Amino acid sequence: MTKHIFDDAPLQGGLLAHVQECRPQGKEFCLILDQTIFFPRGGGQKCDEGTIGGIPVLDVYEEEGEICHILPKAPEGDEVLCRIDLGTRLSHMQHHTAQHLISAAAWQLFQNLTIIARMEDPWGHIEFQRPMEDEELLALLRRVEEVVKADLPIFCRYYTPEQAAQMDVRGKITPHERIRLVEVEGFDRNACGGTHCPSTGLVGPVRFVGSKMVRGAYRLYFAAGQRAHDFALEQDLRTLRLGKYTEEESPEDCEKHIADALHRLPVLEESVQKLRRQLLEQTAENLFRKASEQEAFPAVLQLLEGWDKKDGKALCDDLIHRGVRFVALGFAEGESLGVIAAQKKSKKMMPLGRALKEFFPAHEGKGGGSDALGQGTVPLSAWDDFAALCAPFLRGEGAE
Ligand SMILES: [Zn+2]
């Protein structure tokens, strides 16, 4: 069985190990060593990154008591130099240890049980049984900070299941031959196979970075160490930017400003919808009257401004429904022009689809359609050409 050097020496970055076995596995090789500093992925922690014999390690996992190091090629010789990326390891350790501290403090303070925990990029997360309010989160973070500041020693020791059952352990113990208990002296004891800091002080700053409800559980995202520090700096910039957007001096006023605006939003949304409906009805009425002036062949061409594309299509449908034979509308928006043209279905329809098929590419636009309905977007300067294209259709030439 491979000796787990990372259990007792989590900060060891290099090791000379002997190759016990090197077997091909698909296009890659699975390397078994007598001892290793590579933590295999599992228990919510990713595996270590690094090299063996100068070859990058692609994956490390445990299978039937063996630790498989996956390499793209076999290393030379029986003795190999293993190196892990200590920066990544330190970040894994800080996040894993922070998770123990947060879970333990949530249990001690509020009896809020951790369901699962994951140390993924960019943040770690813990899923709790119950959501936590602001005051609880603040108390939780304060407690974690106290424990970090106290720099309590952390021990990892193996026990038999019988021994572990006699001890005061937080959370579930998954049945194993040997139980690895992680103990934060005088604070917490929990079964875990991950890599942890030798003492709580090494965790560094801890920040809560987000939360959401997932399948009835409260998921709390957190960062530790350098990542927590970076997050705090980014957060300061976000606060300053929000102050600029809202033109508020203090973060408190800024938050109130945003909350008020969000509160007003549904009311404004409703008013806008109402006005849009009124505009649509009124415009449809006006354009129908204009089209009806051509008694023999009711048709209309109109350029409109400040219209939503969806409303444009509704307006077009409304006019055709009222009996207008040909409708051509343009919607100006900045330097862009949305166009829509439709004709009432009849026995012999005018070749609208063909005309539009040529029109859009000839005017650096995008669009297409059939004889019944076509739409697309062109530069605003193409309006006169669009009107010219529509002229014979407006007179109903060739329609029955
Ligand atoms: Zn752990």
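Residues numbered from 1 in each chain as written. Predicted model: local features only at pLDDT ≥ 70, side-chain atom pairs only at ≥ 80, totals over all residues. Heavy atoms only, no water.

### Some thoughts on the overall build of the protein chain
Line of reasoning, step 1. Within the protein chain, the regular secondary structure consists of nine helices and 21 strands.
Line of reasoning, step 2. At 34 Å, the protein chain has a C-alpha radius of gyration far larger than the 21 Å of a compact globule built from 400 residues.
Line of reasoning, step 3. Along the first, second and third principal axes, the C-alpha atoms of the protein chain reach 100 × 55 × 35 Å.
Line of reasoning, step 4. On the protein chain, roughly 22,400 Å² of surface is accessible, and the fraction owed to carbon and sulfur atoms is 52%. (Helix = DSSP H or I, 4+ residues; strand = E, 2+ residues; numbered from the N terminus. Rg over C-alpha atoms; globule rule 2.2 N^0.38 Å. Areas by Shrake-Rupley, 256 points an atom, 1.4 Å probe, with all protein chains shown as cover.)

### What to know about the domain arrangement of the protein chain
Reports of interface size often rely on the accessible area that becomes lost once the parts have come together.
Line of reasoning, step 1. In terms of domains, the protein chain is made up of domain 1 (3-84), domain 2 (89-245) and domain 3 (283-394).
Line of reasoning, step 2. Put simply, the middle of domain 1 and the middle of domain 2, counted by C-alpha atoms, are 27 Å apart.
Line of reasoning, step 3. Across the boundary between the two partners, domain 1 contributes 15 residues, which contact 18 residues of domain 2.
Line of reasoning, step 4. Where domain 1 abuts domain 2, roughly 1,300 Å² becomes buried across the two surfaces, and 46% of that area is made up of carbon and sulfur atoms.
Line of reasoning, step 5. When the buried area of domain 1 at its contact with domain 2 is split by residue, D7, Q45 and K46 rank highest and sum to 39% of it.
Line of reasoning, step 6. There are two salt bridges connecting domain 1 and domain 2.
Line of reasoning, step 7. Taken together, the links from domain 1 to domain 2 amount to five residue pairs in polar contact (both at pLDDT 80 or more).
Line of reasoning, step 8. Per-element accounting of the side of domain 1 that touches domain 2 gives the leading share, three residues, to helix 1 (residues 5-8).
Line of reasoning, step 9. Of the residues in the side of domain 1 that touches domain 2, the class split is seven nonpolar, four polar and four charged. (Domains from an automatic or database assignment. Contact = heavy atoms within 4.5 Å. Buried area = accessible area lost by both parts, 1.4 Å probe. Salt bridge = Lys/Arg side-chain N within 4 Å of Asp/Glu carboxyl O. Polar contact = N/O pair within 3.5 Å; in protein donor to acceptor, adjacent residues only side chain to side chain. Nonpolar A, V, L, I, M, F, W, Y, C, P; charged D, E, K, R; others polar.)

### Quick look at the pairing of strand 16 (residues 217-224)
The two faces of a sheet get side chains in turn, since along a regular strand they alternate between them.
Line of reasoning, step 1. The buried count for strand 16 comes to eight of eight residues, which makes it a mostly enclosed element.
Line of reasoning, step 2. The two faces of strand 16 match: A217, R219, Y221 and A223 on one face and Y218, L220, F222 and A224 on the other face are all buried.
Line of reasoning, step 3. Bridge count between strand 15 (residues 206-214) and strand 16: eight bridges; the pairing is antiparallel. Each bridged residue has a counterpart across the sheet, and for F208 the counterpart in strand 16 is F222. (Buried < 20%, exposed > 50% of the residue type's maximum accessible area, 1.4 Å probe, protein only. Pairing = 2+ DSSP bridges.)

### Examining the sheet that holds strand 14 (residues 188-191)
Line of reasoning, step 1. Spatial ordering of the open sheet is given by 12-13-14, a layout of three strands whose pairing is antiparallel. Each of the sheet's edge strands pairs with one partner strand only, and the pair in question is strand 12 (154-159) and strand 14. The average undirected angle you get between the axes of adjacent strands in this sheet is 25°.
Line of reasoning, step 2. Note: strand 13 (residues 179-184) against strand 14, four bridges, orientation antiparallel. Bridge pairing in strand 14 places E183 opposite R189.
Line of reasoning, step 3. Across the sheet, helix 2 (residues 86-110) lies against strand 12, strand 13 and strand 14, angled at about 115° from strand 14, the strand it touches most. (Axes fitted to C-alpha atoms, helices over the stretch in contact; angles between N-to-C directions.)

### Comments concerning the state of the cysteines
Line of reasoning, step 1. Taken as a whole and assessed by the stated rule, the structure comprises zero disulfides.
Line of reasoning, step 2. Of all cysteine sulfurs, the one in C192 lies closest to C156, which takes part in no disulfide; the gap is 7.8 Å.
Line of reasoning, step 3. Free of any disulfide, C316 has its nearest neighbouring cysteine sulfur in C390, separated by 11 Å. (Disulfide = S-S within 2.5 Å.)

### Considerations on the coordination of the zinc ion
Line of reasoning, step 1. Around the zinc ion, the donor atoms from the protein are H96 (NE2), H100 (NE2), C192 (SG) and H196 (NE2), and they sit 2.0 to 2.4 Å away.
Line of reasoning, step 2. Coordination at the zinc ion is tetrahedral: its four donor atoms span angles of 89 to 123° at the metal.
Line of reasoning, step 3. Each donor residue of the zinc ion belongs to the same chain, with the gaps between them written as H-x3-H-x91-C-x3-H. On the criterion of sequence distance, the pair formed by H96 in helix 2 and C192 in the loop between strand 14 and strand 15 is long-range, its members being 96 residues apart.
Line of reasoning, step 4. We classify C192 as buried; its relative accessible area is 14%. (Donors = N, O, S within 2.8 Å, 3.2 Å for Na, K, Ca; no water. Tetrahedral: all angles 85-135°; square planar, octahedral: opposite > 155°, others 65-115°.)

### Side note on the packing of helix 2 against helix 3 (residues 134-150)
Line of reasoning, step 1. Between helix 2 and helix 3, the shortest axis-to-axis distance is 9 Å and the interhelical angle comes to 125°. Compared by their axis directions, helix 2 and helix 3 come out oblique. The crossing of helix 2 and helix 3 is right-handed. Residues L101, I102, A105, A106, Q108, L109 and F110 of helix 2 pack against E136, A139, L140, R143, V144, V147 and V148 of helix 3. (Parallel < 35°, antiparallel > 145°, perpendicular 65-115°, else oblique. Left-handed = near helix turned anticlockwise from the far one by under 90°.)

### With respect to the nonpolar core
One broad trend across soluble globular proteins is that nonpolar side chains are buried collectively.
Line of reasoning, step 1. One finds L101, I102, F128, L140, V203, V206 and F208 to be the most contacted residues of the largest nonpolar core, which totals 33 residues.
Line of reasoning, step 2. For this core, the elements supplying multiple residues, two or more each, are helix 2, strand 10 (114-119), strand 11 (124-128), helix 3, strand 12, strand 13, strand 15 and strand 16.
Line of reasoning, step 3. Tallying contributions element by element places helix 2 first for this core, with eight residues.
Line of reasoning, step 4. In contact with L101, other than residues within four places in its own chain, are V144, V147, V148, V184, F187, T200 and V203.
Line of reasoning, step 5. Within the second largest apolar cluster, 21 residues are counted, among which are L337, A382, W383 and C390. (Core = buried A, V, L, I, M, F, W, Y, C linked by side-chain atoms within 4.5 Å.)

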